[in-house]
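Residue-level listing of the chains:
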Amino acid sequence: QVQLVESGGGLVQAGGSLRLSCAVSGGTFNNYAMAWFRQAPGKEREFVATISWTRIIDYADFVKGRFTISRDNAKNTVYLEMNILKPEDTADYYCAARNWYSSRRVRDFGSWGQGTQVTVSS
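Residues numbered from 1 in each chain as written. Predicted model: local features only at pLDDT ≥ 70, side-chain atom pairs only at ≥ 80, totals over all residues. Heavy atoms only, no water.

Asks: Got a minute to help me understand the state of the cysteines in this structure?
Replies: Using the criterion set out here, one finds 1 disulfide in the structure. Between the sulfur atoms of C22 and its disulfide partner C95 the distance amounts to 1.9 Å. With the S-S bond torsion at 50°, the cross-link from C22 to C95 turns out right-handed. Of this pair, C22 sits in strand β3 (residues 18-25) while C95 sits in strand β9 (residues 91-99), and the two are 73 residues apart along the sequence. Exposure remark for C22: the relative accessible area of 0% places this residue in the buried category. (Disulfide = S-S within 2.5 Å. Helix = DSSP H or I, 4+ residues; strand = E, 2+ residues; numbered from the N terminus. Buried < 20%, exposed > 50% of the residue type's maximum accessible area, 1.4 Å probe, protein only.)

Asks: What is the right way to read the nonpolar core from this model?
Replies: Ranked by size, the top nonpolar core spans 34 residues in total, and within it M34, W36, L80, M82 and Y93 carry the most contacts. Contact partners of Y93, with chain neighbours within four places excluded, come to E6, L20, W36, F37, R38, V48, F67, L80, M82, G115, T116 and V118. (Core = buried A, V, L, I, M, F, W, Y, C linked by side-chain atoms within 4.5 Å. Contact = heavy atoms within 4.5 Å.)

Asks: Before we go on, may I ask you to explain the side chain of T116 in this structure?
Replies: Structurally, the position occupied by T116 is in strand β11 (residues 116-121). There is a polar contact of 3.1 Å between the side chain of T116 and the backbone nitrogen of G9. In contact with T116, not counting residues within four places along its chain, are E6, S7, G8, G9, L20, A91, D92 and Y93. (Polar contact = N/O pair within 3.5 Å; in protein donor to acceptor, adjacent residues only side chain to side chain.)

Asks: Would you explain the packing of aromatic side chains in this entry?
Replies: The description of an aromatic ring pair uses the distance of the two centres, along with the angle that the planes make with each other. This model, assessed by the stated rule, comprises 5 aromatic pairs. Measuring from centroid to centroid gives 5.1 Å for F37 and W112, while their planes differ by 50°, and the two rings are tilted. Of this pair, F37 sits in strand β4 (residues 32-39) while W112 sits in strand β10 (residues 111-112), and the two are 75 residues apart along the sequence. Using a relative accessible area of 0% as the deciding quantity, one classes F37 as buried. Overall, W112 belongs to the partly exposed group, its relative accessible area being 25%. (Phe/Tyr/Trp six-rings, centres within 6.5 Å; stacked < 30°, edge-to-face > 60°.)

Asks: So what exactly am I meant to see when it comes to the pattern of salt bridges here?
Replies: Where charged atoms from two side chains of opposite charge come close, those side chains can pair. Within this structure, the stated rule accounts for 7 salt bridges. Measuring nitrogen to oxygen at the nearest pair gives 2.6 Å for the salt bridge that ties R104 to D58. Highlighted residues: R104 in the loop between β9 and β10 and D58 in strand β6 (residues 57-59), separated in sequence by 46 residues. D89 is the partner of R66 in a salt bridge, and the nearest nitrogen-oxygen pair spans 2.7 Å. With a gap of 23 residues between them, R66 in the loop between β6 and β7 (67-72) and D89 in the loop between β8 (77-82) and β9 connect regions that are remote in the sequence. In this structure D89 comes out as buried when scored by relative accessible area, which is 1%. The network of salt bridges with common partners includes R38, E46, R66 and D89. (Salt bridge = Lys/Arg side-chain N within 4 Å of Asp/Glu carboxyl O.)

See the structure below:
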């Protein structure tokens with residue numbers, strides 16, 4: 001049973017930074033593609049960033065140049081460094097895992113964390 005636990009969310013002013021972490025237990029982390037999604041109130045969950053088991057990275061257009069996804073296989077952890085935050089980045093952020101290959105689709109990921117809230121004030 002794979003378990004994912006996010007941390008690092010909080011309240012930040014526009015232009016500020018946050019670093020989200022997602023610790024993974026169970027299974028073989030090195031084999032997982034990891035992703036971050038977010039869901040704002042009243043909206044569907046949307047793709048933010050993903051990193052495959054071979055460290056191929058993909059970003060949603062709206063975070064390119066501001067967010068950085070990375071992974072530390074020794075710590076079974078994936079990170080999302082978020083800079084130049086905007087009020088529209090306010091959402092619950094979720095990490096997700098699937099075997100091997102990355103995807104942008106929510107339905108392709110079977111393992112999810114509980115989410116961490118990010119609020120960006122203007």
